[in-house]
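# Fold and geometry: a report
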Amino acid sequence: MPALYELLLIVGTIFAGNLAKPCEQSDSSECHHSTLLSYERWVPPPKLRPFEKRISQIIKNWGKTRDLSLSYDARLSLVAQSALNDVPRNPQERIDLEALKIKSYHLGFTDAGLAAIALRTPLSHNVDQIIADELKSRFASLSPTCFGVGAIVSGNERIVMILVAKRMVRLLPMPAVVKRGQQINLAGRVVVAASDSYTKIIIALGLPDGTVQRRKLTLTKRQFATTIHAGYQKGILNVQILIDRALGPEIASQFLIGIEQNIDAKKIHRVVNEYKDNQKFSIQERKAQLLALILGSREAVGVVLPAANISLDEVANAHAVDMKTHNFFAHVSPHYGDLAQRLAQRQILVSRALENLARANSVEEVLQQWLASPAHRANLLDPDVDAMGIGIQLTANSQILAVLVLVRRADEGDSKELATRTLSRINVKRLRLGLNALTFDEELSRLARLHCSAVANGRDGEEIVTEIKQQLIGYSISVNSFMGTNIDIVTHSDDLRLCYERVGIGVIRLQPNDARLWITVIYVKD
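These lines cover the structure that appears in this document, whether it is placed above or below. (Residues numbered from 1 in each chain as written. Predicted model: local features only at pLDDT ≥ 70, side-chain atom pairs only at ≥ 80, totals over all residues. Heavy atoms only, no water.)

### Focus: the sheet that holds strand E19 (residues 439-440)
- Overall, mixed pairing links the four strands, which are arranged E19-E21-E22-E20 in an open sheet. For this open sheet the edge positions go to E19 and strand E20 (476-484), each flanked by a neighbour on one side alone.
- As paired elements, E20 and strand E22 (residues 517-525) share nine bridges and run antiparallel to each other. Bridging from a neighbouring strand, methionine 483 pairs with tryptophan 518 of E22.
- The sheet contacts of helix H12 (residues 442-456) involve E19, E20, strand E21 (502-508) and E22, and relative to E21 the element is tilted by about 35°. (Pairing = 2+ DSSP bridges. Helix = DSSP H or I, 4+ residues; strand = E, 2+ residues; numbered from the N terminus. Contact = heavy atoms within 4.5 Å. Axes fitted to C-alpha atoms, helices over the stretch in contact; angles between N-to-C directions.)

In structure tokens:
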């Protein structure tokens, strides 16, 4: 398809040529701060009004008629909601799409193919039908994957803004403004159907001097990574990522990076907050920024987003304070020990605990350091953690001391609570497999408690197993014994998948501060 290939290259070149020119702004005080934070950071979703929820459903229904899988994007909704006052009153006028792109950049959005529908309709009109018709006509040739919506009632009319885009790659967070000469780590994965053998990934860089550089990236298991050198000229670096799946190149992602330069700072309405000089951010603001970058990194590679945990925040912050106060930088404190000891001192039960430390001039540099180090990156993107805590302190020279604690929490509760939750996990798994739920048997559970107590205390549990079998002669039975920190371990047993009818469960923890659990499950078929 040579025509498509030519068209997209022209579009890419125009974009790079127009936006790669240095901004005319000359005030040197503007060189050291940014009106946006980092690209692809996590953004809290806005609360949708009932009318906006209705429009969202109309959009999803339209997507189904096109066999499109459309996902809601919080950033696009924030942009749409912020631009409602800019919707033209004259139907013949078009919304300023470039202004919307700049607003999306300021929320960390990098997906290409942004398109918009902007409407003002009288309250007396059937707005649902109008929106459905607009979707069919305006977006007939598009195949978007994500959308955002903003809508209000103003006077006697409804104002609607719908934004869509096509997500072809998921990028890890990266800074939006850098220093001259800085190395920028860019990594991500292809999320559309693609083969490593037939797919080409191309990065195009529009430099501040107006020149354009292109190079191919290596694609391995749909993932790619490269380093961008910011260069030594102040201005705007235009970045495009193109995907060629043997059908001609498509612009998958596009964004701007300021080299000691704001990105159209004077031309846009700020979307979320008044952004500040990096030196003026409070510790809480920096913590929120780092949290958003961490969640964005994990979301980009498709792993679970851990819950922010106040107790873990306290552990992380206490270590940051300790390092600052006593002038050291290490995982082991001379006063409070390693991470396992610090968690135990606060009686936090975990089955897995990881820690990252960093010293940097900004939270963006903190993330870049962690992503550049294989060990820190593995911790940051570990799929087996479910909670996290962040601690930040500032040194005397305003450097950031950052501590990240990631854990998988151990199951807590007394023996009865844990047994009840274990039964629930077993039955949920059985129902998913199309099997009947098991009936909880109190006598079997008494025997199970005796068995797991004996094993936990180092005694032979076979005598109890023998007693169980003697009481249930003629029945089909199986006794499972486990030791772990999470009751989910029971769901890996093959016996869970068999046609049993009753179950007895015993769970014991020897010490309150010990994360280990001893579990016995007795399956019986009458």
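Next, the rest of the story.
### Looking at the pairing of strand E10 (residues 200-206)
- Of all seven residues in E10, six are buried; the element is thus mostly enclosed.
- In the sheet, E10 pairs with strand E13 (residues 235-244) via seven bridges, with the strands oriented antiparallel. Its bridge partner being in E13, isoleucine 201 is matched across the sheet by isoleucine 243.
- In this sheet, strand E11 (residues 212-217) lies alongside E10 in antiparallel orientation, the contact comprising six bridges. (Buried < 20%, exposed > 50% of the residue type's maximum accessible area, 1.4 Å probe, protein only.)

### Topic: unusual backbone geometry
- For glutamate 40, which is not glycine, the phi torsion reads 60° and is therefore positive.
- Along the polypeptide, glutamate 40 turns up in the loop between strand E1 (38-39) and helix H2 (50-65).
- Glutamate 40 sits in the buried class, given a relative accessible area of 6%.
- Not every positive phi belongs to a glycine, and lysine 221 is a case in point at roughly 50°.
- Structurally, lysine 221 is set in the loop between E11 and strand E12 (223-229).

### A look at the packing of aromatic side chains
- With the rule as written, the count across this model stands at five aromatic pairs.
- Where tyrosine 39 meets phenylalanine 255, the ring centres are 5.0 Å apart and the plane angle is 50°; that geometry is what we call tilted. Of this pair, tyrosine 39 sits in strand E1 while phenylalanine 255 sits in strand E14 (residues 249-259), placing them 216 residues apart in sequence. Of the two residues examined, tyrosine 39 and phenylalanine 255, each falls in the buried class.
- Taken together, the ring pairs in this structure connect Tyr39, Tyr105 and Phe255 into an aromatic cluster.
- Over the ring of phenylalanine 329 we find arginine 359; its NZ or CZ atom is 4.2 Å from the centre of that ring.
- Here the guanidinium or amino end of arginine 502 rests over the ring plane of tyrosine 475, the centre of that ring lying 5.8 Å away. (Phe/Tyr/Trp six-rings, centres within 6.5 Å; stacked < 30°, edge-to-face > 60°. Lys NZ or Arg CZ within 6 Å of the ring centre and 35° of its normal.)

### A short note on the nonpolar core
- Grouped together as the largest cluster of nonpolar side chains are 32 residues, with contacts concentrated most on Leu186, Phe224, Val239 and Phe255.
- Only helix H4 (97-106), strand E6 (169-171), strand E9 (183-190), E10, E12, E13 and E14 provide two or more residues apiece to this core.
- Once you skip the residues sitting within four places of it in the chain, phenylalanine 224 turns out to touch Val169, Leu171, Leu186, Ala187, Gly188, Arg189, Val190, Ile201, Leu217, Thr218, Leu219 and Ile241.
- Leu293, Ala300, Ala360 and Met388 belong to the second largest nonpolar core, which has 24 residues in total. (Core = buried A, V, L, I, M, F, W, Y, C linked by side-chain atoms within 4.5 Å.)

### Things to note about the environment of leucine 186
- Among the structural elements, leucine 186 can be located in strand E9.
- Its relative accessible area of 1% is what places leucine 186 among the buried residues.
- Sequence spacing of leucine 186 and phenylalanine 224 is 38 residues, and the spatial spacing of their C-alpha atoms is 8.4 Å.
- Setting aside residues up to four positions removed in sequence, leucine 186 forms contacts with Leu171, Met174, Ile203, Phe224, Ala225, Thr226, Ile228, Val239, Ile241 and Phe255.

### Looking at the side chain of glutamine 393
- Counting through the fold element by element, glutamine 393 comes out in strand E17 (residues 387-394).
- Residue glutamine 393 is classed as buried on the basis of its relative accessible area of 13%.
- Within the local environment of glutamine 393, its side chain forms a polar contact with the side chain of asparagine 317, the two groups lying 3.2 Å apart.
- In this view, glutamine 393 contacts Ile283, Asn317, Ala320, Val321, Lys324, Gln399, Ile400 and Leu401; residues no more than four positions away in its chain are not counted. (Polar contact = N/O pair within 3.5 Å; in protein donor to acceptor, adjacent residues only side chain to side chain.)

### Focus on the pattern of salt bridges
- The tally for this structure, following the rule as stated, stands at 26 salt bridges.
- In this structure, glutamate 355 and arginine 342 form a salt bridge, with 3.0 Å as the shortest nitrogen-oxygen distance. Residue glutamate 355 is found in strand E16 (residues 350-360), and its partner arginine 342 is found in helix H8 (residues 339-345); the two are separated by 13 residues along the sequence. Assigned by exposure class, glutamate 355 and arginine 342 land together as buried.
- The residue arginine 408 makes a salt bridge to aspartate 488 at a minimum N-O spacing of 3.5 Å. Placement of the pair is arginine 408 in strand E18 (residues 400-409) and aspartate 488 in the loop between E20 and E21, with a sequence separation of 80 residues.
- Assessed through its relative accessible area of 26%, arginine 408 is described here as partly exposed.
- Classification of aspartate 488 by relative accessible area gives partly exposed; the value is 27%. (Salt bridge = Lys/Arg side-chain N within 4 Å of Asp/Glu carboxyl O.)

### Quick word on the packing of helix H6 (residues 283-301) against helix H9 (residues 363-372)
- In contact at an axis separation of 9 Å, H6 and H9 are set at 35° when each is read in the N-to-C sense. Here H6 and H9 pass one another in a crossing that is right-handed. On the side of H6, the interface is formed by Arg286, Gln289, Leu290, Leu293, Ile294 and Ser297, while H9 contributes Val363, Glu364, Val366, Leu367 and Trp370.
- Among the residues forming the contact of H6 with H9, the class breakdown is seven nonpolar, two polar and two charged. (Left-handed = near helix turned anticlockwise from the far one by under 90°. Nonpolar A, V, L, I, M, F, W, Y, C, P; charged D, E, K, R; others polar.)

### Concerning H4
- Where burial is concerned, most of H4 is hidden: seven out of the ten residues are buried.
- Residues of H4 that are buried: Leu100, Lys101, Ile102, Lys103, Ser104, Tyr105 and His106.
- With a side-chain oxygen positioned 3.2 Å from the backbone nitrogen of glutamate 98, the residue opening H4 is aspartate 96.
- One or two steps after H4, the chain reaches glycine 108, where phi turns positive at roughly 85°.

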